[in-house]
Amino acid sequence: FRRVLFRSLVRKRPEAYYISALQPEIARKLQELGVKVETLTVPMTLNVETYTVDSYKEEYSLFEKFYPVKVKTTVNTKQVFFPAGTFVVPMNQKNGNVAASVLEPEAANGFINYRIYETKQGEELPVYRKMNAHIPQELDIVEVHQPVPVACDNAFARGKIDDPLQIGRASCRE
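Residues numbered from 1 in each chain as written. Predicted model: local features only at pLDDT ≥ 70, side-chain atom pairs only at ≥ 80, totals over all residues. Heavy atoms only, no water.

Peer 1: Kindly report on the pattern of salt bridges, identifying the contributing residues and their values.
Peer 2: The full count for this structure, using the stated rule, is nine salt bridges. Put simply, E124 and K78 hold a salt bridge, and the shortest N to O gap is 2.9 Å. Here the residue E124 occupies a position in the loop between α2 (96-103) and β7 (127-130), and K78 occupies one in strand β5 (residues 69-82), the gap between them amounting to 46 residues. Residue classification places E124 among the partly exposed residues on the basis of a relative accessible area of 32%. Through salt bridges with shared partners, a single ionic network connects E25, R28, K29 and E32. (Salt bridge = Lys/Arg side-chain N within 4 Å of Asp/Glu carboxyl O. Helix = DSSP H or I, 4+ residues; strand = E, 2+ residues; numbered from the N terminus. Buried < 20%, exposed > 50% of the residue type's maximum accessible area, 1.4 Å probe, protein only.)

Here it is in structure tokens:
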């Protein structure tokens, strides 16, 4: 019996995700999941959040006929030019939570984990977050659950880590 805990990575829910026009496979998969995907008809420059891959790890255990990928990312804000043809996923739709659960890069059910598209360490992902500053913060949380090594859980239980939010950020080795 192996106990696996999950820690949550919490990010503010975006107004929309923008996906590079060079990634039609992402848009197609979203549509197969019942997510509404729109296309920009005119180019525009927007302030968006970008993901940069800080760490990339390929799993060597076969899972459901594929080898999963785990990433950790940093989110930065910058202006990005989006040409006509860029895919837009509005989050005010019935399947907005589905979109968030597969587009967030660290998500266990995410498209990176399932290799719908490939990336590597140091790359900026082709998925962008358009934020909306006037949504009440308590209504716009996206949670990504990640496994926490049991050694970290044990370190917390024995008082070696004071704050459970440090799990995964602090060294859990004893």
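Let's pick the thread back up.
Peer 1: Break down the packing of aromatic side chains for me, with residues and values.
Peer 2: Applying the stated criterion across every chain, the model contains two aromatic pairs. Arranged with centres 5.0 Å apart and planes meeting at 35°, the rings of Y18 and F82 form a pair that is tilted. Pair noted here: Y18 is in strand β2 (residues 16-19) and F82 is in strand β5, with a separation of 64 residues, a long-range link. As far as the burial class goes, Y18 and F82 line up, both buried. Ring centres 5.3 Å apart and planes at 80° place the aromatic pair F82 and Y128 in the edge-to-face group. Within this pair, whereas F82 is found in strand β5, its partner Y128 is found in strand β7, the two being separated by 46 residues in sequence. (Phe/Tyr/Trp six-rings, centres within 6.5 Å; stacked < 30°, edge-to-face > 60°.)

Peer 1: Give a detailed account of the nonpolar core, specifying residues and quantitative values.
Peer 2: Of all hydrophobic cores here, the largest spans 23 residues; its most connected members are Y17, I19, I26, L30, V89, L103 and V127. When residues of this core are traced back to their parent elements, those giving at least two are β2, α1 (24-32), β4 (44-58), β5, β6 (87-90) and α2. The element contributing the most residues to this core is α2, with four residues. Ignoring anything within four residues of it in the chain, the contact list for V127 reads Y17, Y18, I19, I26, Y51, L103 and Y117. Membership of the second largest hydrophobic core comes to nine residues, among which are L40, L46, F82 and V88. (Core = buried A, V, L, I, M, F, W, Y, C linked by side-chain atoms within 4.5 Å. Contact = heavy atoms within 4.5 Å.)

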